[in-house]
Amino acid sequence: MRRKDRESSRSFAEKIADTCEWAVLSMVDPEGAPYCVPLSIVRQDDLVYFHTAKQGRKLDCLRYSPRVCLACVGDTSRPPDQFTTLYESAILEGTAEEVGDEAEKIHALRLLCQRHTPANMERFDEAVARSLAVTGVWKIRVEGMTGKCKK
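Each value, and the rule that gives it
- Residues numbered from 1 in each chain as written.
- Predicted model: local features only at pLDDT ≥ 70, side-chain atom pairs only at ≥ 80, totals over all residues.
- Heavy atoms only, no water.
- Pairing = 2+ DSSP bridges.
- Helix = DSSP H or I, 4+ residues; strand = E, 2+ residues; numbered from the N terminus.
- Axes fitted to C-alpha atoms, helices over the stretch in contact; angles between N-to-C directions.
- Parallel < 35°, antiparallel > 145°, perpendicular 65-115°, else oblique.
- Left-handed = near helix turned anticlockwise from the far one by under 90°.
- Contact = heavy atoms within 4.5 Å.
- Nonpolar A, V, L, I, M, F, W, Y, C, P; charged D, E, K, R; others polar.

Some words on the pairing of strand β7 (residues 86-98)
The two faces of the sheet receive side chains in turn, since in a regular strand these alternate between them. Looking at chain direction, strand β6 (residues 67-77) and β7 are connected through nine bridges and run antiparallel. Of the residues in β7, the one forming a bridge with Ser77 is Leu86. Of the pairings in the sheet, the one linking β7 to strand β8 (residues 136-150) comprises 12 bridges and is antiparallel in character. Paired with Glu93 across the two strands is Gly144, which belongs to β8.

Points about unusual backbone geometry
Most of the time, phi is negative for any residue but glycine, and the peptide bond is trans. A positive phi angle, close to 60 degrees, is found at Asp45, a residue other than glycine. Topologically, Asp45 is positioned in the loop between β4 (42-44) and β5 (47-52).

Side note on the packing of helix α3 (residues 102-116) against helix α4 (residues 124-131)
Contact pair α3 / α4: the axes reach a minimum separation of 11 Å and the direction vectors enclose 130 degrees. With respect to their mutual orientation, α3 and α4 come out oblique. Considering only the axes of α3 and α4, their crossing is right-handed. In this structure, α3 uses Ile106, Leu109, Arg110 and Cys113 to contact α4, whose residues at the interface are Phe124, Asp125 and Val128. Split by residue class, the contact of α3 with α4 holds five nonpolar, no polar and two charged.

Printed below as a string of structure tokens:
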């Protein structure tokens, strides 16, 4: 990291990953072109889970090159009397893999729903029964994580 004065701790980066509204997943497609997509994520220890369709450009990229980078942005603000942005962010790097085990898939979906739609959890089992077969779940094994902020 070039700006060491803005570097934050691993626990700070974990907090950002755990609370960001969404994250942007960066990949490379089979033609070597960059591709990124926003995701709803949930982190458990050194794994980050996300759900997806069973086909599409994102999956083509992940299957071609599973090495990924995930950018998480926390709170931001722009002071009205300055030409700057105050921010907090985390960058996670790792390897993505599809979750094939049904129990782990359901566990990951439960974690995602508990984080992003907690008020709807009473309908979780019904939703999973209806859509599990057509829902893909992937995980990123986090191999590196950095946090950064300007306050």
